[in-house]
Amino acid sequence: MRNILCSLLLTVIVLSLAVAQGRGQSAPEPALPYTPSLDVKSMDKSIDPCVNFYQYSCGGWKKENPLPPDETSWSVYGKLFEDNLNFLRGVLEQAAAGGGQRDKVTQEIGDFYAACMDEATVEQRALAPIQSDLDAIAGLHSSREITSLIARLQFAYGRSILFAHETIQDPDDSEQQIADLDQGGLGLPDRDYYFKEDAKSKEIRERYVQHVQKVLELMGESPETAGKEAATVMRMETALAKASLTQVDRRDPYKLKHKMQVADLTRLAPNLDWPGYFGDLQYPPFATLNVMAPAFFKEVNRLLAREPVENWKTYLRYHVADSFSPYLSPKFVDENFDFHVRYLRGANEIEPRWKRCVQYTDANLGEALGQVYVSKVFSPELKQSTLDMVRRIEDAMGQRIRQLDWMSPETKQQALTKLAAIRNKIGYPDKWRDYSSVTITRNDFGGDTLRAGEFEGRRQINKVGKPVDHAEWDMTPPTVDADYDPQMNDINFPAGVLQPPLYDAKLDDAPNYGDTGGTIGHELTHAFDDEGSQFDAKGNLKNWWTPQDRKRFDARTQCVQNQYAQYVAVEDIHLNGKLTLGENVADLGGEILAYMAWKDAAKDKDLQPIDGLTPEQRFFIGFAQWDCSNERPEEERMRATTDPHSPAKYRINGVVVNMPEFSQAFSCKAGQPMVNPPEKVCKVW
Ligand SMILES: [Zn+2]
């Protein structure tokens, strides 16, 4: 299930537009720039590591790397992401240069990128790419006709228009794929935005209504009409938000599992023509589907009866335009940036167009772009050395499970079976996705995007009723992120995340194990966090714990939940200990495993200090430097509500306080902030 994937980061693609300026004019890189995985210049040695280890390891970096104006946060990951974009830009400009010699893949990515960069044509085509859909909305006569319209719009725009449809692994039989329906249809980032009563939240809602009005005006409404319509959109969305599950609820896979037949769905929400919906979308025949949020669909049903058809036209017109704004003319792009990125997340400047076009190419044709990328940056030797590290960390996990003093032999056996079944996806897929059926032209960016979206939509729908393809990749090879998927029971490390400074083949093992080793351990631990531990070796939602072991496990995760709930994200907003629990458990478990694996890999080596730092100190500094970062307060506020990951400083300091190996490495003394007395140390895995 995509919504319960546990990724290392919240990978953010900032969508919006304007003229290329500032950093945008820098020339594309011929090669990825090199930064070491441990950089003493990034440290601030005036800080006592036993008082604030994150600041000690990252203080220099924070000072030297202020937030760029077009970013909402900036970090070591963000910088690699940026270097990677610059490198991909070079690849794409070469591909776009044309010429009869281009192979199919080069032509696909080159023409898509060229069409995106041709802003004059995008402007001249105005609303043309979406006009037929706007006409279909305008032609709606009764809410009975709304089903097939929604099917059509969801298919074209690939996001949740009113609600979301997707294909998931059956939670009870992970080898089979089934249809799934989920909540959606909101314009603000989360349902909580509609109800919080603090002054800032009220202001956000007022600004949102202004944004809706502005988008409707851009489509030709008078300010007066658009103002009334914006209030209608807000009222309808608030009703949908009220019936939506919270982020915390969504971490409980049982709250998302409601399997039913189409006839049950018709009883649940009879105002939608469900057989017609699945027929319009040409679903393969199926017996059961899953509905993640039944209460939400009851509310949709109620709204369909209550709201006149004119209101639905307004709601749909706004959502189509707002979701497609990044691909339209500059006035739409600017308004989209202004609200969704500048106001909600704090960026001052829009990303230059080339940067957005690189990201759109990756998002739409990622495995075509990935083929070229991998041939340039991911050698067979690199694949071998990272696979070796993965195996060592899996061995450490096995050892750790066998040593646990709180788990019974029966549960240990199950855990070891699950560990042995984990698949490792490293670098890139063995078989590449073929986009040759997608028509890509050099002069119709909006159309190219819609056609690529339909290709993906069709690919997803066609999976229903078929067995799972374990060779398929969910992330594109250039992605600078990693994840664990509990239903696939696999860990995913694309080539983009195995580059310096995260994985640095030139440096000693210590910082590499602290950094990428910790990330591999993090993803492995997700298989056994509060959420992943509910899935068995095959990826089925099935309990494999004895009741006693589960109780002991829950008591241990409660320790982590309480620890992080004390931390303050921004102003008076505390972290949500429950929302961030899985990530915090994975951060701690990951680093413990990486330390064990590193000690094992180094056992016959005579390690010496480098730059005045012992090997153990280098391990921990390598760890901390994976996440050196600066964030805007707006971004910190949003993430405290929506992001299951804790802020960087707690992802580092919150882990090392629970590792006695850390206080030994830096000779910290009892009573110092980074030293937990033994009775307060949280230990899960
Ligand atoms: Zn994670």
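A few points about the pairing of strand E3 (residues 164-170)
Here comes step 1: Counting buried positions along E3 yields six of seven residues, so the element is predominantly enclosed.
Here comes step 2: In this sheet, strand E4 (residues 173-182) lies alongside E3 in antiparallel orientation, the contact comprising seven bridges. From the neighbouring strand, His 165 faces E4, where its bridge partner is Leu 181.
Here comes step 3: Counted between consecutive antiparallel strands, the loop separating E3 from E4 contains two residues.

Describing the sheet that holds E4
Here comes step 1: Taken in spatial order, the four strands line up as E3-E4-E6-E5 in an open sheet, and their pairing is mixed. Bordering the open sheet on either side are E3 and strand E5 (259-260), each of which pairs with just one other strand.

Examining the state of the cysteines
Every disulfide links exactly two cysteines, by a covalent bond between their sulfur atoms.
Here comes step 1: Counted under the stated rule, the structure contains four disulfides.
Here comes step 2: What pairs with Cys 50 in a disulfide is Cys 668, and their sulfur atoms sit 2.0 Å apart. Between Cys 50 and Cys 668, the S-S torsion sits near -80°, and that sign places the bridge as left-handed. Of this pair, Cys 50 sits in the loop between strand E1 (6-7) and helix H1 (53-64) while Cys 668 is found in the segment after helix H24 (660-665), placing the two residues 618 residues apart along the sequence. Across the pair, exposure class does not vary: Cys 50 and Cys 668 are buried alike.
Here comes step 3: In this model Cys 559 forms its disulfide with Cys 682; the gap between the sulfur atoms is 2.0 Å.

Things to note about the packing of helix H13 (residues 330-345) against helix H22 (residues 633-642)
Relative placement of two packed helices is described by the angle separating their axes and the distance separating the axes.
Here comes step 1: Two numbers describe how H13 lies on H22: the axes approach to 7 Å, and their chain directions differ by 100°. It follows that H13 is roughly perpendicular to H22 by the angle criterion. Between H13, through Tyr 343, Leu 344 and Arg 345, and H22, the contact on the second element is made entirely by Glu 634, Glu 635 and Met 638.
Here comes step 2: The class makeup of the residues in the contact of H13 with H22 is three nonpolar, no polar and three charged.

Comments concerning the nonpolar core
Here comes step 1: The biggest cluster of nonpolar side chains holds 201 residues, and the ones touching the most others in it are Phe 53, Phe 163, Trp 274, Phe 620, Phe 666 and Trp 685.
Here comes step 2: Apart from residues lying up to four places away in sequence, Trp 274 is in contact with Phe 163, Leu 181, Val 262, Leu 265, Thr 266, Ala 269 and Phe 297.
Here comes step 3: Judged by nonpolar contacts, the second largest core, of five residues, contains Val 333, Phe 337, Ala 347 and Ile 350.

Details of the pattern of salt bridges
Here comes step 1: For the structure on display, the rule yields 55 salt bridges.
Here comes step 2: Note that Asp 249 and Lys 255 form a salt bridge whose closest N and O atoms lie 3.1 Å from each other.
Here comes step 3: Of the charged contacts in the structure, one is a salt bridge between Glu 571 and Arg 637, with a shortest N-O distance of 2.9 Å. One end of the pair, Glu 571, is in the loop between strand E10 (568-570) and strand E11 (573-574); the other, Arg 637, is in helix H22, with 66 residues separating them in the sequence.

What to know about the packing of helix H2 (residues 76-96) against helix H3 (residues 104-117)
Here comes step 1: Packing of H2 against H3 leaves a shortest axis separation of 7 Å and a crossing angle of 100°. Taken together, the axes of H2 and H3 lie roughly perpendicular to each other. Here Arg 89, Leu 92, Glu 93, Ala 95 and Ala 96 of H2 lie close against H3, whose contacting residues are Thr 106, Ile 109, Gly 110, Tyr 113 and Ala 114.
Here comes step 2: Looking at the contact of H2 with H3, its residues break down into six nonpolar, two polar and two charged.

Calculation rules
Residues numbered from 1 in each chain as written. Predicted model: local features only at pLDDT ≥ 70, side-chain atom pairs only at ≥ 80, totals over all residues. Heavy atoms only, no water. Buried < 20%, exposed > 50% of the residue type's maximum accessible area, 1.4 Å probe, protein only. Helix = DSSP H or I, 4+ residues; strand = E, 2+ residues; numbered from the N terminus. Pairing = 2+ DSSP bridges. Disulfide = S-S within 2.5 Å. Axes fitted to C-alpha atoms, helices over the stretch in contact; angles between N-to-C directions. Parallel < 35°, antiparallel > 145°, perpendicular 65-115°, else oblique. Contact = heavy atoms within 4.5 Å. Nonpolar A, V, L, I, M, F, W, Y, C, P; charged D, E, K, R; others polar. Core = buried A, V, L, I, M, F, W, Y, C linked by side-chain atoms within 4.5 Å. Salt bridge = Lys/Arg side-chain N within 4 Å of Asp/Glu carboxyl O.

Treat this as a map of the structure, not an account of what it does.
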